[in-house]
Amino acid sequence: MTTEEFSLVLDRISGQTEYIYYHLMGEPLTHPNLPDFIKTANGRGFKSIITTNGTLLKNRGSELLSAGVHKVNISLHSFENGSESDHAEYVFALAEFAKKASSKGVITVFRLWNKGVDGGRNKAAIELLKSHIQGEWSENTRGIRIKDKLFLEWGERFEWPDSEAEIKGERFFCYGLKDQFGILADGTVVPCCLDSDGVIGLGNIFYEESEAILNSERALNMVNGFKCGKASEELCKRCGYAQRFV
């Protein structure tokens, strides 16, 4: 997405949301213009939230903080391969960023969304973080409060939707189009952050107003279906995440 296209997106979603999440199955820190996007969004009254695997934070983290990012989610569970020394180096770099970010008032959340299938690496990651970050480390139902503006969050691993997968159940519910919608790099509007391939393309925000897209027949069928525990789209029937809230 170009800077001009991003600015147009901001025009189109003005009044629809206060928060912009820069991820839809991709690593946002690979985009060279990301800091400019965040600055532009801030100037228009939006708060920018990044979800990253953290591998580029060592080199680009300061750009995020200088740009005025509101919150950074770090997917610690993304490190599933590699040696113990590589893992330790990875966690150390993220700990250094998190200390800097939280001290500047940026909400930072370490995510371990692979509970029970981590092969023991989650425990190692937490011990490494504890050795680098002083804090409360008070546990709660959602995870751990490390200190002000800095948290660790638990989560179960889920299966990403796949058009070729089996139907997951009989009842479905999703916050897609209720609390969120997604925009791909080519402007395609999708119902949620899991439809990275644009299977459920509802329209294109480069050429249509967001209100028209979100009030289209296809979009409204999805919203009304979920209210009744039904999925109107085949992809949603094959989404493991849509089973979490039933």
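Residues numbered from 1 in each chain as written. Predicted model: local features only at pLDDT ≥ 70, side-chain atom pairs only at ≥ 80, totals over all residues. Heavy atoms only, no water.

1. Quick look at the overall build of the protein
Counting its regular elements, the protein contains 8 helices and 10 strands. Since a compact globule built from 246 residues should have a radius of gyration of about 18 Å, the 19 Å found for the protein is in line with a globular shape. Dimensions of the protein along its principal axes, counting C-alpha atoms only, are 55 × 40 × 30 Å. The buried share among the 246 residues of the protein stands at 44%. By sequence separation, contacts in the protein at least 24 residues apart represent 62% of the contacts at least 6 residues apart. (Helix = DSSP H or I, 4+ residues; strand = E, 2+ residues; numbered from the N terminus. Rg over C-alpha atoms; globule rule 2.2 N^0.38 Å. Buried < 20%, exposed > 50% of the residue type's maximum accessible area, 1.4 Å probe, protein only. Contact = heavy atoms within 4.5 Å.)

2. Things to note about helix 4 (residues 84–103)
For helix 4, built from 20 residues, the straight-helix expectation of 28 Å at 1.5 Å per residue is met to within 8% by its first-to-last C-alpha distance of 28 Å. Restricting attention to buried positions, one finds in helix 4 the residues His87, Tyr90, Val91, Ala93, Leu94, Ala95, Phe97, Ala98, Ala101 and Ser102. Phi turns positive one or two residues past the end of helix 4, at glycine 105, with a value near 85 degrees. (Expected span 1.5 Å × (residues − 1).)

3. Some remarks on the packing of aromatic side chains
What the rule picks out here adds up to 5 aromatic pairs. Feature note: the residues Phe6, Tyr22 and Phe37 constitute an aromatic cluster, connected by ring pairs. (Phe/Tyr/Trp six-rings, centres within 6.5 Å; stacked < 30°, edge-to-face > 60°.)

4. Describing the pairing of strand 4 (residues 107–112)
Strand 4 sits mainly inside the fold: 5 of its 6 residues count as buried. For the crossover from strand 3 (residues 71–75) across helix 4 to strand 4, the handedness is right-handed. For strand 4 and strand 7 (residues 150–154), the ladder comprises 5 bridges, and the chain directions are parallel. The partner of arginine 111 across the bridge, within strand 7, is glutamate 153. (Right-handed = clockwise from strand over helix to strand, strands pointing away. Pairing = 2+ DSSP bridges.)

5. Observations concerning the pattern of salt bridges
Under the criterion given, the structure shown has 11 salt bridges. Among the ionic pairs, arginine 218 bridges to glutamate 233, the shortest N-O distance being 2.7 Å. Residue arginine 218 is located in helix 7 (residues 217–227), and its partner glutamate 233 is located in the loop between helix 7 and helix 8 (234–237); the two are separated by 15 residues in the primary sequence. Residue classification places arginine 218 among the partly exposed positions, given a relative accessible area of 34%. Between lysine 237 and glutamate 234 there is a salt bridge whose closest N-O contact spans 3.0 Å. (Salt bridge = Lys/Arg side-chain N within 4 Å of Asp/Glu carboxyl O.)

6. Some words on the environment of lysine 71
Structurally, lysine 71 is set in strand 3. For the pair formed by lysine 71 and threonine 40, sequence separation is 31 residues and the distance between their alpha carbons is 16 Å. In contact with lysine 71, not counting residues within four places along its chain, are Ser48, Ile49, Ile50, Val106, Ile107 and Val109.

7. A look at unusual backbone geometry
One non-glycine residue with positive phi stands out, namely methionine 25, at about 60 degrees. Tracing the chain through its elements places methionine 25 in the loop between strand 1 (19–21) and helix 2 (34–43). Among the residues examined, methionine 25 registers a relative accessible area of 53% and is labelled exposed. We note that lysine 149 has phi near 70 degrees; this positive angle belongs to a residue other than glycine. With respect to the helices and strands, lysine 149 occurs in the loop between strand 6 (143–147) and strand 7.

8. Regarding the side chain of aspartate 118
With respect to the helices, strands and loops of the structure, aspartate 118 is situated in the loop between strand 4 and helix 5 (121–132). Within polar-contact distance, the side chain of aspartate 118 engages the backbone nitrogen of glycine 120 at 3.0 Å. Here the side chain of aspartate 118 touches arginine 121 through a polar contact of 3.1 Å, landing on its backbone nitrogen. (Polar contact = N/O pair within 3.5 Å; in protein donor to acceptor, adjacent residues only side chain to side chain.)

9. Brief notes about the nonpolar core
Residues Tyr22, Leu64, Phe110 and Leu129 are the most contacted members of the largest nonpolar core, which totals 63 residues. With 7 residues, the top contributor of residues to this core is helix 4. In this structure tyrosine 22 touches Phe6, Pro28, Leu34, Phe37, Ile38, Ala41, Ser48, Ile49, Ile50 and Thr51, once residues within four positions along its chain are discounted. (Core = buried A, V, L, I, M, F, W, Y, C linked by side-chain atoms within 4.5 Å.)

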